[in-house]
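Descriptive analysis of the structure
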Amino acid sequence: MNKENLSSRKIEGYLKLAQIIQWGRKNPVKFVERFFGMPLLDYQKYVFMSSWNTPFVLWTMSRSAGKSTLGSPFIMAKSLLIPNFQAYIMAGVGSQSQEMFMKIEKIAKREIASFTGLTDIFYNETVKSASNTDGFTHNPSSFQYKLYNGSIVNSLNGSFDNNRSKRSNLNFYDESGFAPDELFTTSEPFTTQNSDFRLGGDVDVTLLPKQFPNQLIYASSASSTDTYYYRKYRDFSKKMFLGDKRYFVADISSDVVISATFNGKLYPVSLLSQETVDAAMRENKEKAMREYKNIFTTEGSDQQIIKRATIVRNSEVKPPTLANESNRKFILAVDPARSHDNSVCTIGEIIEDENVGYKLHIVNSVTFTDENKQRKTPLKTPEQIKRFKQILLDYNGIRTPDYQNILAVLIDSGAGGGGISAWGDGLLEDWKDDNNRVHKGLIDKENDEYKNYLSKYPNANQDILRLLSPKKYKTEMFQSLIEMSNLDLIKYPESYDHKGVLNFIEEGQTRQYKLTDDEIKALINIDLTKEELVSIYEFKGTNGNVRFDLPPDKQSKVGDDRAYTVAMLAWFLRELRRKDITETKQSDFDISKLFLVKKPK
């Protein structure tokens, strides 16, 4: 087109649009605030501006600092101000990248209550059609939106085979602290082609304007020192401190968020409260130091049996299970204690998957503690057993024959917790529940202590109780834990973020699930379990013996009781899988194939 077929009014409109775009490129924070209606706090403005045209960027930000809330307008502004811009949102878990994409969509549709002045300017720029009325598509493998200027933004799920041979101007890695190395090695090459490269026609490339550089942005709370994210944090920081303008690292702790300013003045309502941080510190100090104070956890020794990345990879957003509402199958593992340590019961659900066979979901963790005592010491053993019996009923299900849905009850039989003298004896007799219904007792028919008592307690269930000696089984249990974890057969709920709700993405829509107090307590206990699991190390003696224990620097910081119960569950899972495999092989085996003679008539 030229001046002959463009009216002066249209030319004037195009010139104004070009001026606005150029102004927005120079002043991206003001552009976001004015055109999107999203005011930013001062620390967010600093991070936004410092990252705008920097090729290598890393944001280490406290929980509730607004990583996704800041990354969303950043991607929106880039895609709106740069024609033919391509961005990919990625995370170790596909639902995480989709959640950030949904944040962009909600901003565009003015569906976020905390931003009261949102506009529809961005929404009006999305390409719509009869089948796509809002411009946002939700293909399970990749959510996408397109703009009229040719820009495209996709979310990619955690399937790394899909993360190859693409071209990108911006890779945004959300919650990348515990993402596997393969996510980065397969996707970072998207941005390797120089954004200034042009070829073809009679164009003199030396006269073309310089383009925005391609970018890699890694955003997360602090992780552990053995992760890819930490290596980037360390390397980028060094280069930034040495004055390399291509690198920028933001380290925004909870202290910055709590005392955040807006246009130079302390904002009266903060994104994060000191009470939330203090509560997290009391419940799980090491996790809180990592997620709120940006202190990276020292991990990564070859002796560490379970890597945190393994747990993150096998965690999914779901509420804990507090009772059996159908014919689901559960196993219960108990590590009893009398006066010290934790007295713990961890509950796992056994699921038979058509592709991988039996696998284990950790659904709850209960501590038998006296809430009235300041030090939260264990309840007296009779009270612990009484509470455990109620757990048995809860997970067996209502109106179900005794223990029909309980595959196993595993109890540590060590003398310190009274596994035999208190728990084994305490479960023998028939007992009544709160509704005065009688239930069968439990007896371990394989245990030498109780073989002679089978005739004395004929009504006791003999099939599900196992009293496991730590001297005999502990090493085997932790070896089972390592094996089952490496095969991704043990699943966990996602870490609790202290918001009281869970967000599910279903068919392109976000659904909120409000947690009960008991569910919150369960998630907190499972988070403590995860901390203990990654703190267990393998120690090899000079005689070839192997010991699994906490390293000296963790002895006074975390416990090991919860991790031990998960190891018990993993041991049962491995035994169950072995039994399933051997029985299948036997049933499929045709003994007649061993003989070369014909079957007689």
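So, a few notes on the structure that sits alongside this text. (Residues numbered from 1 in each chain as written. Predicted model: local features only at pLDDT ≥ 70, side-chain atom pairs only at ≥ 80, totals over all residues. Heavy atoms only, no water.)

This next bit is on the packing of aromatic side chains. Two aromatic rings, taken as a pair, are described by how far apart their centres are and by the angle between their planes. Per the stated rule, a full pass over the model turns up 37 aromatic pairs. Pairing Phe478 with Phe548 gives two aromatic rings, centres 5.4 Å apart and planes at 20°, and the pair type is stacked. Pair noted here: Phe478 is in helix H14 (residues 470–486) and Phe548 is in strand S23 (residues 546–549), with a separation of 70 residues, a long-range link. Take Phe478: its relative accessible area is 2%, and that puts it in the buried class. Put simply, the rings of Trp23, Phe31, Phe35, Phe36, Phe101, Phe122, Phe136, Phe143 and Tyr145 touch in pairs and so form one group of aromatic residues. Across from the ring centre of Trp52, 4.7 Å away, lies the NZ or CZ of Lys78, which sits over that ring. Against the face of Tyr564 rests Lys474, its NZ or CZ located 6.0 Å from the ring centre. (Phe/Tyr/Trp six-rings, centres within 6.5 Å; stacked < 30°, edge-to-face > 60°. Helix = DSSP H or I, 4+ residues; strand = E, 2+ residues; numbered from the N terminus. Buried < 20%, exposed > 50% of the residue type's maximum accessible area, 1.4 Å probe, protein only. Lys NZ or Arg CZ within 6 Å of the ring centre and 35° of its normal.)

Below, the discussion takes up helix H12 (residues 381–396). In an α-helix, one full turn covers 3.6 residues, which means residues spaced three or four apart are oriented alike. Between its terminal C-alpha atoms H12 stretches 22 Å, which fits the 22 Å expected from 16 residues at 1.5 Å a residue. Every buried residue of H12 is listed here: Thr381, Gln384, Ile385, Phe388, Lys389, Ile391, Leu392, Leu393, Tyr395 and Asn396. Just downstream of H12, Gly397 is the residue with a positive phi angle, here 105°. (Expected span 1.5 Å × (residues − 1).)

The next subject is the pattern of salt bridges. This model, assessed by the stated rule, comprises 30 salt bridges. Here Lys45 ties to Glu33 by a salt bridge, and the two come within 3.7 Å at their closest N and O atoms. Residue Lys45 is found in helix H3 (residues 42–51), and its partner Glu33 is found in helix H2 (residues 28–36); the two are separated by 12 residues along the sequence. Owing to a relative accessible area of 17%, Lys45 belongs among the buried residues under this scheme. Using a relative accessible area of 24% as the deciding quantity, one classes Glu33 as partly exposed. (Salt bridge = Lys/Arg side-chain N within 4 Å of Asp/Glu carboxyl O.)

The backbone of Asp488 sits at a positive phi, close to 60°, despite the residue not being glycine. Within the secondary structure, Asp488 sits in the loop between H14 and strand S19 (490–493). Although it is not a glycine, His498 sits at a positive phi angle of roughly 65°. Note that His498 resides in the loop between S19 and strand S20 (501–506). On the basis of relative accessible area, His498 is assigned to the partly exposed category, the value being 24%.

This part is about the sheet that holds strand S2 (residues 86–90). Spatial ordering of the open sheet is given by S3-S4-S5-S2-S6-S7-S1-S8, a layout of 8 strands whose pairing is mixed. Across the chains shown, the open sheet's two edge strands, defined by having one partner strand only, are strand S3 (136–139) and strand S8 (247–252). Taken over all neighbouring pairs, the strand axes of this sheet differ in orientation by 10° on average, direction set aside. Where S2 lies against strand S5 (residues 152–155), 4 bridges are found, and the strand directions are parallel. (Pairing = 2+ DSSP bridges. Axes fitted to C-alpha atoms, helices over the stretch in contact; angles between N-to-C directions.)

Read across the sheet, 7 strands follow the order S11-S19-S14-S13-S12-S15-S18 without closing on themselves; strand pairing throughout is mixed. Each of the sheet's edge strands pairs with one partner strand only, and the pair in question is strand S11 (315–316) and strand S18 (465–468). Across 2 bridges, the pairing between strand S14 (residues 357–367) and S19 is parallel. Residue pairing in the sheet places Leu360 in a bridge with Ile490 of S19. Strand contacts of H14: strand S15 (406–412), S18 and S19, with the helix running at about 110° to S18, the strand carrying the most contacts. Where helix H15 (residues 517–533) meets the sheet, it contacts S11, S14 and S19, and its direction lies at approximately 110° from that of S14. (Contact = heavy atoms within 4.5 Å.)

Note that soluble globular proteins tend to have their nonpolar side chains buried in a common cluster. Of all hydrophobic cores here, the largest spans 56 residues; its most connected members are Phe36, Phe48, Trp59, Ile75, Phe122 and Tyr145. If you tally residues by element for this core, the top one is helix H4 (residues 67–81), at 7 residues. Other than its neighbours up to four places away in sequence, Tyr145 contacts Ile75, Met76, Ser79, Phe101, Ile104, Phe122, Gly135, Phe136, Ser151, Ile152 and Val153. Leu468, Val566, Ala567 and Leu573 belong to the second-largest nonpolar core, a separate cluster that totals 38 residues. (Core = buried A, V, L, I, M, F, W, Y, C linked by side-chain atoms within 4.5 Å.)

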